[in-house]
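The chain contents come next:
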Amino acid sequence: MIEFVVLGRFIADYLWEYKALSILHTVISLLFLGIYVFFLQRKIRFFKTDALIFLFFIIISFSFICNFSHESWTEYLKFSSFLIFYFLGRFSRIKISHLKYFAHFSYCALFILMIFVFSGYGYQEWGYVLTFTGGYYFKADLALACLIFIGFIYAYERNKIILFSSFIICLFLVFMSNSRVALPIALVMPVMMYFFFIKKYYLWSVRNIFFSSLLVFISMSFFIFLDFSKIGMLGFDFSNPLSGENTQGRSAIWSALFEYYSKSDIFNKFFGLGLTSDTEATTSYIDTEQLSGARAHSSYFYLLLASGSAGLIVFLYFSYCVIKSSFYLAHYGNEFQVKISSIGFFLILIFLFFSLTVEVIIRPQLMVILFYFSGLIFTEVISLKRSLKLIEKR
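Below is a short write-up of the structure. The model shown is predicted, which means the values in this text are computed figures rather than measured ones.

**Side note on the overall build of the chain**
In terms of helices and strands, the chain carries 16 helices and 2 strands. Sorting the 394 residues of the chain into buried and exposed places 54% on the buried side. Of the roughly 18400 Å² that the chain leaves accessible, carbon and sulfur atoms contribute 68%.

**Observations regarding unusual backbone geometry**
Backbone geometry at Asn178 places phi at a positive 65°, although glycine is not the residue there. On the basis of relative accessible area, Asn178 is assigned to the buried category, the value being 4%. One non-glycine residue with positive phi stands out, namely His297, at about 55°.

**Quick word on a positive patch on the surface**
On the surface, Arg45, Lys48, Lys324, Lys385, Arg386 and Lys389 cluster together into a patch of positive charge. When residues in the positive patch are grouped by element, the largest group, 3 residues, is from helix H16 (residues 364–393). Tracing the backbone shows Lys385 in helix H16. The partly exposed category is assigned to Lys385, whose relative accessible area is 37%.

**Remarks on a nonpolar patch on the surface**
A cluster of nonpolar side chains, namely Ile11, Leu15, Tyr18, Leu21, Leu24 and Ile28, defines an oily patch on the protein surface of about 510 Å² accessible area. The element that contributes the greatest number of residues to the nonpolar patch is helix H2 (residues 19–39), accounting for 3 residues. The topology assignment puts Leu24 in helix H2.

**Here's the deal with the side chain of Ser374**
Looking at the secondary structure, you find Ser374 in helix H16. Accessibility expressed as a relative area gives 1% for Ser374, which makes it buried. What Ser374 contacts, discounting residues up to four positions off in sequence, is Tyr86, Phe318 and Val322.

**Focus: the nonpolar core**
Within soluble globular proteins, side chains that are nonpolar tend to cluster in buried spots. Grouped together as the largest cluster of nonpolar side chains are 121 residues, with contacts concentrated most on Phe354, Tyr372 and Phe373. Considering every element that reaches this core, the biggest residue donor is helix H14 (residues 299–332), with 15 residues. Dropping the residues within four chain positions of it, Tyr372 is found in contact with Ile2, Val6, Phe85, Tyr86, Leu88, Gly89, Ser92, Ile94 and Phe102.

**Let's talk about empty space enclosed by the protein**
Under the criterion given, the structure shown has 3 cavities of 30 Å³ or more. The computed volume of the second largest cavity comes to approximately 50 Å³. For the second largest cavity, the full set of lining residues is Ile53, Phe56, Phe57, Phe79, Phe82, Leu83 and Phe371. The set of elements that each furnish at least two residues to the lining of the second largest cavity consists of helix H3 (48–66) and helix H4 (72–91). Across the lining of the second largest cavity, the residue classes break down as 7 nonpolar, no polar and no charged.

**Things to note about the packing of aromatic side chains**
Summed over all chains, the structure comprises 44 aromatic pairs. Ring geometry for Phe62 against Phe271: centres 5.6 Å apart, planes inclined by 70°, an arrangement best described as edge-to-face. Placement of Phe62 in helix H3 and of Phe271 in helix H12 (residues 266–271) is noted, with a sequence separation of 209 residues between them. Judged by its relative accessible area of 35%, Phe62 is partly exposed. Judged by centre distance (4.3 Å) and plane angle (10°), the rings of Phe64 and Tyr76 are stacked. Taken together, the residues span a long stretch of sequence, with Phe64 in helix H3 and Tyr76 in helix H4 at a distance of 12 residues. Each member of the pair Phe64 and Tyr76 is classed as buried. Grouping aromatic residues by their ring pairs yields a cluster made of Phe47, Phe54, Phe56, Phe79, Phe82, Tyr86, Phe87, Phe315, Phe318, Phe351, Phe371 and Phe378. Here the basic side chain of Lys269 rests over the ring of Tyr261, its NZ or CZ set 5.8 Å away from the ring centre. Positioned above the aromatic ring of Tyr328 is the side chain of Lys385, whose terminal nitrogen or guanidinium carbon lies 5.5 Å from the ring centre.

Rules used throughout
- Residues numbered from 1 in each chain as written.
- Predicted model: local features only at pLDDT ≥ 70, side-chain atom pairs only at ≥ 80, totals over all residues.
- Heavy atoms only, no water.
- Helix = DSSP H or I, 4+ residues; strand = E, 2+ residues; numbered from the N terminus.
- Buried < 20%, exposed > 50% of the residue type's maximum accessible area, 1.4 Å probe, protein only.
- Areas by Shrake-Rupley, 256 points an atom, 1.4 Å probe, with all protein chains shown as cover.
- Patch = residues over 30% accessible without salt bridge, like charges linked within 9 Å, V, L, I, M, F, W, Y side chains within 5 Å.
- Salt bridge = Lys/Arg side-chain N within 4 Å of Asp/Glu carboxyl O.
- Lys, Arg positive; Asp, Glu negative; His and termini not counted.
- Charge placed at Lys NZ, Arg CZ, Asp CG, Glu CD.
- Contact = heavy atoms within 4.5 Å.
- Core = buried A, V, L, I, M, F, W, Y, C linked by side-chain atoms within 4.5 Å.
- 1 Å grid on protein atoms, 1.4 Å probe; cavity = no way out; pocket = protein on both sides within 12 Å on 5 of 7 lines; lining within 4 Å.
- Points joined across faces, edges and corners; volume = space filled by probe spheres on them.
- Nonpolar A, V, L, I, M, F, W, Y, C, P; charged D, E, K, R; others polar.
- Phe/Tyr/Trp six-rings, centres within 6.5 Å; stacked < 30°, edge-to-face > 60°.
- Lys NZ or Arg CZ within 6 Å of the ring centre and 35° of its normal.

Shown next, in the form of structure tokens:
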């Protein structure tokens, strides 16, 4: 049942015009957490990441209260939902058969998006080109959804025809979305999942590094040797990487964010300037009307401003713990543990890479799923360590 609550996040995000759906989804998730704790009386063993999550939420709450604005309520509710889903993952008891719901949902979603592509629905002008957003408000949201879907499929499916077909569809949809940051991930990650999780090679093995690096080079070569502008797509000029055309205004935004942060006092530098400080920065330090009030377009810049250096460090350490625990489960765990570790590993890498140019930290479509599977992973790590200790004692 909890799987459908988690998947409901995709529907709530897709129907973004109806804000009440997001609130309803958070309320339902809170009710489920209450059922786990008070009615089913499930107990969990403390793990260090529980303290990290609470610490991060305290920093976010402190920044929210000290720099309160009515606009920041929306962001604070998002972070609250992330906390709820982390502990839903910690308290959940799902089985390997339940992963099929995530895969089947992904099949249907990709199929529907392909229908939209060829029916002409979900296109909008983005910059100077016609871009497919599939009904999402931002093109990055479509690319994020496709990457998450392919992660679910690769963790569950073993039919090579379905795997290859899903990969091609995902790659095509990402390409059509003009989300340039997502294209290298779409090319590299399925192969990394295969070598790292299915074949159980460590990420730092020579063979895995070679193939991953080769795919990164190939994917980046698309931008170097192909002129996408001639086929109505957004290209990239490597002769001037930080040009306005390449960054689509991000260089001006980041400059404003850095100036806003550098002029703040020591206290705010450490604990944050508020959950809407990125829009305040671009309003104050950018003269261009088009970019005034723009979001951070980088999770790292957003965290630095909203939660200070303290919040950024805590969250990056949490990300490291997710990756480390995924490695541990992939190496020592059973089939179910390997599958959820592959999903968690994939999600955190999407976050780390996407965060370079998109403020995905406040995009529930990814973060709710990431926190839920992180909770699952840490619960399974505790269970696995206990099992291995019992075996050693015999």
